[in-house]
Amino acid sequence: MANIHSTALVDPAARLDPSVTVGPFAIIGPHVSIGAGSTVGSHTTIEGHTTIGQNNHIHSYTSLGAAPQDKKYAGEPTRLVIGDGNTIREFCTFNAGTVSGGGVTQVGNDNLFMAYVHLAHDCHVGSHTIFANNSQLAGHVHVEDWVILGGFTVVRQFLRLGAHSFTAMCSLLFADLPPFVTCEGQPADARTVNAEGLRRRGFSAARIAAVKAMHKALYRENLSLEAAKIRMGQIAEQTPEAQADVAMMLDFLAGVGKAGIVRRRARAAH
């Protein structure tokens, strides 16, 4: 294939669309599949049972599909699956899944992963997300669509980040982050809603107002979680166009585990 640099090592069993470009000194293993229009940068290693879709741009020194960093892993043929249109910058590491975690690390479409991002085994990332430099996910983390992680964000294992949520730089998450919520701090502290992000994505003023009302019920009215859910149901009745947004929030809260959700703490006076 003319698109593969002469110094790259591509296993003959690998399945690469003829339009795929592979840079110098890249290594691609036998169980790898890469779709049309994708590019692989120099010195990148793609191994394991890894499937990569179309129009992905993988930059230099990236490691995709390596064995999970889990002591229980015994060489099972677990997978890494990446969708279409993703940009993966330098020195990113995405590990394959584990049997106990479902066997798949999954990435959706149209995501931007900046340099040094780590996705541990069995993570599931949706679509249209942005992971700034050095964002790190421990194992089994689920990140929904349109999430933005600030640089050096660290997320503990088994947590969930709801759609349209946002973390500030150097955030440390020990609990689930509900949809639409922004957070900051170590440990992360819920602050407000991602209103600017919602405006950029075409949310109407009424929908944004409903999201703010949900945030108020969850964090500012001193309600129990169950009482906050009831209040959110009332918000859906009052703003019919926000019913899907409320349903998404309620569905997320129904799945909250032992870690709970990121809470709001009062800031110390200065």
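Above this note sits the structure.
Report follows, based on the coordinates. Source: prediction; values computed, not measured.

### Digging into the overall build of the protein chain
The secondary structure content of the protein chain amounts to 4 helices and 27 strands. For 270 residues, the compact-globule formula gives about 18 Å, and the C-alpha radius of gyration of the protein chain, at 20 Å, lands near that figure. Counting all 270 residues of the protein chain, 48% fall into the buried class. Long-range contacts, defined as pairs at least 24 residues apart, comprise 32% of the intrachain contacts of the protein chain with a sequence gap of at least 6.

### Examining the packing of aromatic side chains
Two measures describe an aromatic ring pair: the distance that separates the ring centres and the angle between the ring planes. Taken as a whole and judged by the stated rule, the model has 5 aromatic pairs. Arranged with centres 5.0 Å apart and planes meeting at 70°, the rings of Phe94 and Phe113 form a pair that is edge-to-face. Remark: Phe113 occurs in strand E15 (residues 112-113) and Phe94 occurs in strand E13 (residues 93-95); sequence separation between them is 19 residues. As far as burial versus exposure is concerned, Phe94 and Phe113 are alike and both buried. Connected via pairs of aromatic rings, a cluster forms that spans Tyr61, Phe91 and Tyr116. Across the ring face of Phe203, the terminal group of Arg207 is positioned such that the distance to the ring centre comes to 3.7 Å.

### Some details on unusual backbone geometry
Cis geometry is found at the peptide bond from Gln186 to Pro187, where omega equals 0°. The topology assignment puts Pro187 in the loop between strand E26 (181-184) and strand E27 (189-193). A positive phi angle, close to 65°, is found at His128, a residue other than glycine. Located in the positive-phi region is Asn134, a residue other than glycine, with phi close to 70°. Along the chain, Asn134 turns up in the loop between strand E18 (130-131) and strand E19 (136-137). With a relative accessible area of 23%, Asn134 lands in the partly exposed category.

### Concerning helix H2 (residues 205-219)
Over its 15 residues, H2 runs 21 Å from end to end, which matches the ideal 21 Å to within 8%, given 1.5 Å per residue. Against the buried residues of H2 lie E26, E27, helix H1 (195-200), helix H3 (225-238) and helix H4 (243-254).

### Brief notes about the sheet that holds E15
The strands that make up a sheet pair up through hydrogen bonds in the backbone, lying either parallel or antiparallel. Spatially, the 10 strands line up as an open sheet ordered E3-E6-E9-E12-E15-E18-E21-E24-E26-E27, and their pairing is mixed. The strands lining the two open edges of the sheet, one partner per strand, are strand E3 (21-22) and E27. In this sheet, E27 lies alongside E26 in antiparallel orientation, the contact comprising 3 bridges. Bridged to Cys183 within E27 is Ala190. Against the sheet, H2 makes contact with E26 and E27, and its axis sits at roughly 155° relative to E27, the strand it touches most.

### Considering the nonpolar core
Among soluble globular proteins, nonpolar side chains are generally buried collectively. Phe94, Phe113 and Leu137 are the most contacted members of the largest nonpolar core, which totals 64 residues. When residues of this core are traced back to their parent elements, those giving at least two are strand E5 (32-34), strand E11 (79-82), E26, E27, H1, H2, H3 and H4. Top contributing element to this core by residue count: H2, with 6 residues. Sequence-distant contacts of Leu137, defined by excluding residues within four places in its chain, comprise His118, Leu119, Ala120, Cys123, Val125, Phe131, Val143, Leu149 and Val155.

### Considerations on the packing of H3 against H4
Look at H3 against H4: their axes get within 9 Å of each other, and the N-to-C directions meet at 165°. The orientation of H3 with respect to H4, classified from their angle, is roughly antiparallel. At the point where H3 passes H4, the crossing takes the left-handed sense. Along its contact with H3, which presents Leu225, Lys229, Met232, Gly233, Ile235 and Ala236, the element H4 presents Gln243, Val246, Met249, Leu250, Leu253 and Ala254. The residue makeup of the contact of H3 with H4, split by class, is 9 nonpolar, 2 polar and 1 charged.

### Overview of the sheet that holds strand E8 (residues 49-52)
Across the sheet, 8 strands lie side by side as E2-E5-E8-E11-E14-E17-E20-E23; this open sheet has parallel pairing. Here the strands that pair on one side only, and so sit at the sheet edges, are strand E2 (15-16) and strand E23 (160-161). Across 2 bridges, strand E20 (residues 142-143) lies against E23 in parallel orientation. Within the sheet, the bridge partner assigned to His142 lies in E23 and is Arg160.

### Points about the environment of Gly162
Tracing the backbone through its elements, the reader meets Gly162 in the loop between E23 and strand E24 (166-167). For Gly162, the residues in contact, after removing those within four places along its chain, are Glu144, Val147, Leu177, Pro178, Pro179 and Phe252.

### A short note on a nonpolar patch on the surface
Residues Tyr61, Phe91 and Tyr116 make up a contiguous nonpolar surface patch of roughly 310 Å² in combined accessible area. Turning to its location among the elements, Tyr61 is positioned in the loop between strand E9 (57-58) and strand E10 (63-66).

Conventions used here
Residues numbered from 1 in each chain as written. Predicted model: local features only at pLDDT ≥ 70, side-chain atom pairs only at ≥ 80, totals over all residues. Heavy atoms only, no water. Helix = DSSP H or I, 4+ residues; strand = E, 2+ residues; numbered from the N terminus. Rg over C-alpha atoms; globule rule 2.2 N^0.38 Å. Buried < 20%, exposed > 50% of the residue type's maximum accessible area, 1.4 Å probe, protein only. Contact = heavy atoms within 4.5 Å. Phe/Tyr/Trp six-rings, centres within 6.5 Å; stacked < 30°, edge-to-face > 60°. Lys NZ or Arg CZ within 6 Å of the ring centre and 35° of its normal. Expected span 1.5 Å × (residues − 1). Pairing = 2+ DSSP bridges. Axes fitted to C-alpha atoms, helices over the stretch in contact; angles between N-to-C directions. Core = buried A, V, L, I, M, F, W, Y, C linked by side-chain atoms within 4.5 Å. Parallel < 35°, antiparallel > 145°, perpendicular 65-115°, else oblique. Left-handed = near helix turned anticlockwise from the far one by under 90°. Nonpolar A, V, L, I, M, F, W, Y, C, P; charged D, E, K, R; others polar. Patch = residues over 30% accessible without salt bridge, like charges linked within 9 Å, V, L, I, M, F, W, Y side chains within 5 Å. Areas by Shrake-Rupley, 256 points an atom, 1.4 Å probe, with all protein chains shown as cover. Salt bridge = Lys/Arg side-chain N within 4 Å of Asp/Glu carboxyl O.

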